[in-house]
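Fold and geometry: a report
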Amino acid sequence: MAGDAQHTEAPAARATGAGSRPGERVRIGLMGFGRVGRSLLRVLRGHPRLEVVAIADPGEAEALEYLLRFDTLLGRFPEEIGRTEDHLVVGGRPIAFLTGRPGTESDPDWRELGVDCVVEATGRPGVGRSELEGHLARGAARVVLCVPPAEPPDRTVLMGVNDDALRASDRIVSNGSCTAHAAAPILAMLDEAFGVERVFLNSVHAYTNEQRLADVPAEEPRRGRAASENIIPQQAGTAAVLEAALPDLAGKVIASAMNVPVPNGSVVDMVCWHREPVSVELINEVVRTAASTERWKRTVAYQSEPIVSSDVLRSPCSSTFDAEATMAMDGRISKTLAWFDNGWGYVHRAVELIERLAALDAEEAAR
């Protein structure tokens, strides 16, 4: 595949960005040990500066140890895993494990645990600002959101897209969504080259643990239908995330989503109306060239061969541009596809975000 990015399980230690002061480590507390939390622990194996020191989850430690050890999508964990009364032991290193539901008297004392940064990955929608500020009050210096917040965070950051806007004063920072991470780089490239007047975006998303295997009652009726048997339309919050990260697109984006019966591998289908003339050749050349630059080379892969959803599994990139699928009409309308693994690239971006926050702290301390 000459000229195309290949997907490997690159350790997070390869992610670039300024580090903290020599010898310092950033100690991470995970709120939630579901798909994102367990993937984050895998990605951080061997990282030179970041380490998970505490995990808080309402689940039973024995069950979560098992799910870390054996994973249907990611395979067996590559290191030895054990458990004591209060800790998971991963590769010989103990990680404090706390049970109890968020928002109760059992909330972790991050100061006592020595946690610098909390990653909110409980999967609960609509986590309120007061709950997030509680992490800061209990000793954490930063909170990184990997769930949709109910109220605006200090900043929503998509690495490579708007991380230059990040400030040391930003304490509660959202990592956006995996769909926004897939769409935003391509939209940024197209907007810079051709101008984007409006966008219709549809995410065709693999099912997640929010869906059900069999039909059950649910507050949102479609969400209760059997995920492995149906194409299920869903509400999408992608437009708001994209407009927060790309202010020039404010009021120009509309988004929809549907879950389909595959366990992993998703795609964003984008139709854009442009100010400047476009063609298939021009669009592909713009993305191919941009994907090789320092800004985008970690987050965007350019693919010129005919791929399907399983071909992007375990990709550390947020977005794999499908050059074969590019279309143009009337010289002003484009249709493009960007593929993504449900969570692997997203977790890599969360790691880079934590690194960037650590760099800001180091710079502030050096002043």
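Residues numbered from 1 in each chain as written. Predicted model: local features only at pLDDT ≥ 70, side-chain atom pairs only at ≥ 80, totals over all residues. Heavy atoms only, no water.

**What to know about the overall build of the protein**
- Along the protein, the regular secondary structure elements total 8 helices and 17 strands.
- Here the C-alpha atoms of the protein give a radius of gyration of 20 Å, agreeing with the 21 Å that 2.2 N^0.38 yields for 367 residues.
- Over its C-alpha atoms, taken along the principal directions, the protein stretches across nearly 65 × 55 × 40 Å.
- By the burial criterion, 50% of the 367 residues in the protein qualify as buried.
- Entry remark: accessible area of the protein is about 16500 Å², with carbon and sulfur atoms responsible for 51%. (Helix = DSSP H or I, 4+ residues; strand = E, 2+ residues; numbered from the N terminus. Rg over C-alpha atoms; globule rule 2.2 N^0.38 Å. Buried < 20%, exposed > 50% of the residue type's maximum accessible area, 1.4 Å probe, protein only. Areas by Shrake-Rupley, 256 points an atom, 1.4 Å probe, with all protein chains shown as cover.)

**A few points about the pairing of strand S14 (residues 300-303)**
- Of the two faces of S14, the one holding Val-300 and Tyr-302 and the one holding Ala-301 and Gln-303 are both buried throughout.
- Of the pairings in the sheet, the one linking S14 to strand S15 (residues 319-322) comprises 4 bridges and is parallel in character. Each bridged residue has a counterpart across the sheet, and for Tyr-302 the counterpart in S15 is Phe-321. (Pairing = 2+ DSSP bridges.)

**Description of the sheet that holds strand S4 (residues 87-90)**
- The strand order across the open sheet formed by 9 strands is S3-S4-S5-S2-S1-S6-S7-S9-S8, and the pairing between neighbours is mixed. Edge positions in the sheet fall to strand S3 (81-83) and strand S8 (155-156), since each of these pairs with one other strand and no more.
- With 4 bridges joining them, strand S1 (residues 26-31) and strand S6 (residues 117-120) adopt parallel strand pairing. Within S6, the position partnered with Ile-28 by the bridge is Cys-117.

**Examining the packing of aromatic side chains**
- Going through the model one piece at a time under the given rule, you end up with 2 aromatic pairs.
- A centroid spacing of 5.4 Å and a plane angle of 50° characterise the contact between Tyr-66 and Phe-70, whose relative ring orientation is tilted.
- By relative accessible area, Phe-70 is classed as partly exposed at 34%.
- Seen in terms of ring centroids, Tyr-302 and Phe-321 are 5.8 Å apart; in terms of plane orientation they differ by 20°. Their pairing is stacked. Of the two residues, Tyr-302 sits in strand S14 while Phe-321 sits in strand S15, which places them 19 residues apart along the sequence.
- Residue class for Tyr-302 comes out buried when judged on its relative accessible area of 11%.
- The class for Phe-321 is buried, based on a relative accessible area of 0%.
- Between Arg-198 and the ring centre of Trp-273, over which it is positioned, the NZ or CZ distance is 4.5 Å.
- Above the ring of Trp-344, the side-chain terminus of Arg-314 is found at 5.1 Å from the ring centroid. (Phe/Tyr/Trp six-rings, centres within 6.5 Å; stacked < 30°, edge-to-face > 60°. Lys NZ or Arg CZ within 6 Å of the ring centre and 35° of its normal.)

**Some words on unusual backbone geometry**
- One non-glycine residue, Arg-314, lies in positive phi territory at about 65°.
- Checked against the element boundaries, Arg-314 lands in the loop between S14 and S15.
- Phi is positive for Asp-330, close to 60°, though the residue is something other than glycine.
- Inspection of the secondary structure puts Asp-330 in the loop between strand S16 (327-329) and strand S17 (333-340).

**Digging into the nonpolar core**
- Core analysis: the biggest nonpolar cluster contains 80 residues, and Ile-28, Ile-186 and Leu-187 have the highest contact counts within it.
- Among the elements that take part in this core, helix H5 (residues 178-194) stands out by supplying 11 residues, more than any other.
- Core analysis: the next-biggest nonpolar cluster, separate from the first, contains 15 residues, Ala-96, Val-115, Val-118 and Val-147 among them. (Core = buried A, V, L, I, M, F, W, Y, C linked by side-chain atoms within 4.5 Å.)

**Focus on the pattern of salt bridges**
- Under the criterion given, the structure shown has 21 salt bridges.
- The salt bridge partner of Arg-93 is Glu-51, with a shortest N-O separation of 3.8 Å. Of this pair, Arg-93 sits in strand S5 (residues 93-98) while Glu-51 sits in strand S2 (residues 50-56), placing them 42 residues apart in sequence.
- Measuring nitrogen to oxygen at the nearest pair gives 2.7 Å for the salt bridge that ties Glu-285 to Arg-288. Of the two residues, Glu-285 and Arg-288 are both situated in helix H7 (residues 280-291); the distance of 3 residues between them amounts to about one turn of the helix.
- In this structure Arg-288 comes out as partly exposed when scored by relative accessible area, which is 40%. (Salt bridge = Lys/Arg side-chain N within 4 Å of Asp/Glu carboxyl O.)

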